[in-house]
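Listed below are the residues making up each chain.
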Number of protein chains: 2
Amino acid sequence: MSKIVTAAMVVIGDEILSGRTKDRNIGHLADILTAVGIDLKEVRVVSDDRDAIAEAINQLRLRNTYVFTTGGIGPTHDDITADSVAHAFGVPCGYDRKAYTLLEQHYATRGIAFSDARKRMARMPEGAEHIDNPVSVAPGFRIGNVYVMAGVPAIFQAMLDTVVPTLETGAKLISRTIPSSLPEGAIGGPLGDIQASNPETIIGSYPKYQDGTFWTEIVVRSRSHEKLAAAAGAVESMLETLQPKQPLAR
Amino acid sequence: MSKIVTAAMVVIGDEILSGRTKDRNIGHLADILTAVGIDLKEVRVVSDDRDAIAEAINQLRLRNTYVFTTGGIGPTHDDITADSVAHAFGVPCGYDRKAYTLLEQHYATRGIAFSDARKRMARMPEGAEHIDNPVSVAPGFRIGNVYVMAGVPAIFQAMLDTVVPTLETGAKLISRTIPSSLPEGAIGGPLGDIQASNPETIIGSYPKYQDGTFWTEIVVRSRSHEKLAAAAGAVESMLETLQPKQPLAR
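Residues numbered from 1 in each chain as written. Chains lettered and ligands numbered in written order. Predicted model: local features only at pLDDT ≥ 70, side-chain atom pairs only at ≥ 80, totals over all residues. Heavy atoms only, no water.

### A closer look at the relation of the copies chain A and chain B
After a rotation of 180° and a shift along the axis of 0.0 Å, chain A superposes on chain B with an RMSD of 0.0 Å. With respect to symmetry, the two chain copies, as superposed, fit the operation of a two-fold axis. Relative to the rotation axis, the C-alpha of Arg44(A) is the closest in chain A, positioned 2.2 Å from it. The share of interface residues of chain A whose copies in chain B are also at the interface is 100%, consistent with both copies meeting through the same surface. (Least-squares fit on C-alpha atoms with pLDDT ≥ 70 in both. Contact = heavy atoms within 4.5 Å.)

What follows is the structure in structure tokens.
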């Protein structure tokens, strides 16, 4: 059996839960992890609350290879991710000398005050390693298997680009998508039989609804090219036998 | 203290975790709940796995007024939400007579076979109540404080429209958004002081990054118009004292 590497994501921020900001990081992380062969198993969106953040991180880091967090690492009072992650790991949180120096120099060269608020961005759990921030200097960090990154999409994506090459990746889940004008209800039975007789594949069926009409996207996934081809072939011939009599309806 | 009504959401579907489908339901539910005065406290995206679904539902239903789920109620083998919710509640899952009759008639009048796959959509945990589906007939359901709805956005939104008027709602969290050309680093200190001296408000600060420049959106929330006005006023005068000297930088 090929190696499986799993991940979970914790999105930190009241602004997502209030609807004020629409998350754009979940889909991006999912795309990147799928591309490199890491299975995203769970995502949690939690509020700006220390215990909520720590609980999510502690539940997820124990059962996944990696945990990625976004949000709450800025300079304001509601940026409590560093303290919350330190609390989750039971280690102190304080100024990281390297981050402090980095930020101090950054602002000095630009003639900008290194305010107490900006100093907050140098706080990290003891033992954390930096994740470079090519956009706005203030680093994210890794502690254990938890990667703490910014919530601003442009910065999150830049940080993730530096993290991904360092990750252990698993056997890649490859997929084939088979569209069908048939509604799910017409193919559900035979599709279930094909899934049953193709155990090393994951067959997903996704109803699409447009202008009052249902059609279906069938996605066959596997870590084996052979198993994928066999299952996809079975789906295609099943569809040929059913098409085109069946009227459209879910 | 005004009444607080809380909710959690469980998004069910491998297609979201793989990145194939970008979720559009989290933001919609967040907008609607905020509008009616229900606090969305947590969202979890879980895979098409019975135990993962049941664990999320059981953890969240005990600590929230309501739990809303999307996805996995269609006719195919990977639609396991009904069974998973029944498992979470420890009750049997079987054909619901009313749903069965509803679907049987729907397909009969349209001359479409009522296949075993379509019959799956009539399965519900024992004791569940219907949530009408004006789009494609197959109902969602409510059991206890858990509302199980479709993942297709058009259907989810239609189901939610019928559910929301039946919900107990709390004191509405009102908010005022104050944009500032100042970066977070310049206002973090005084903003934290304002939060400290305005305990019945929640002051959020959201960094915006555009074309190499940071600016900030400050959002003041409260359940009291008076407290909101006081804190927002303090933020505005704080900004006036800082503006416009500070050069832009996070």
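Next, the rest of the story.
### A few points about the pattern of salt bridges
The final tally for this structure, using the stated rule, is 28 salt bridges over all chains. For Lys227(A), the salt bridge is made with Glu200(A), and the minimal N-O distance between the two is 3.9 Å. Of this pair, Lys227(A) sits in helix α9 (residues 225-242) while Glu200(A) sits in the loop between α8 (184-196) and β10 (201-210), placing them 27 residues apart in sequence. For Lys227(A), a relative accessible area of 37% corresponds to the partly exposed category. Glu200(A) gets classed as partly exposed once you look at its relative accessible area, which sits at 49%. A salt bridge links Arg142(B) to Glu129(B), with the shortest nitrogen-to-oxygen separation between them at 3.2 Å. Taken together, the residues Arg142(B) in strand β7 (residues 140-143) and Glu129(B) in strand β6 (residues 129-131) connect sequence positions 13 residues apart. Overlapping salt bridges, with partners in common, bring together Glu42(A), Arg44(A), Arg63(A) and Glu55(B) in one network. (Salt bridge = Lys/Arg side-chain N within 4 Å of Asp/Glu carboxyl O. Helix = DSSP H or I, 4+ residues; strand = E, 2+ residues; numbered from the N terminus. Buried < 20%, exposed > 50% of the residue type's maximum accessible area, 1.4 Å probe, protein only.)

### Observations regarding α8(A)
With 13 residues, α8(A) should cover 18 Å at 1.5 Å per step; its first-to-last C-alpha distance of 17 Å lies within 8% of that length. The principal kink in α8(A), of about 35°, is found at Pro190(A). Of the residues making up α8(A), those classed as buried are Glu184(A), Gly185(A), Ala186(A), Ile187(A), Gly188(A), Leu191(A), Gly192(A), Ile194(A) and Gln195(A). Looking at the buried residues of α8(A), the elements they touch are β10, β11 (213-222) and α9 of chain A together with α6 (116-120) of chain B. (Expected span 1.5 Å × (residues − 1). Bend = angle between axes of the 7 residues up to and from the residue.)

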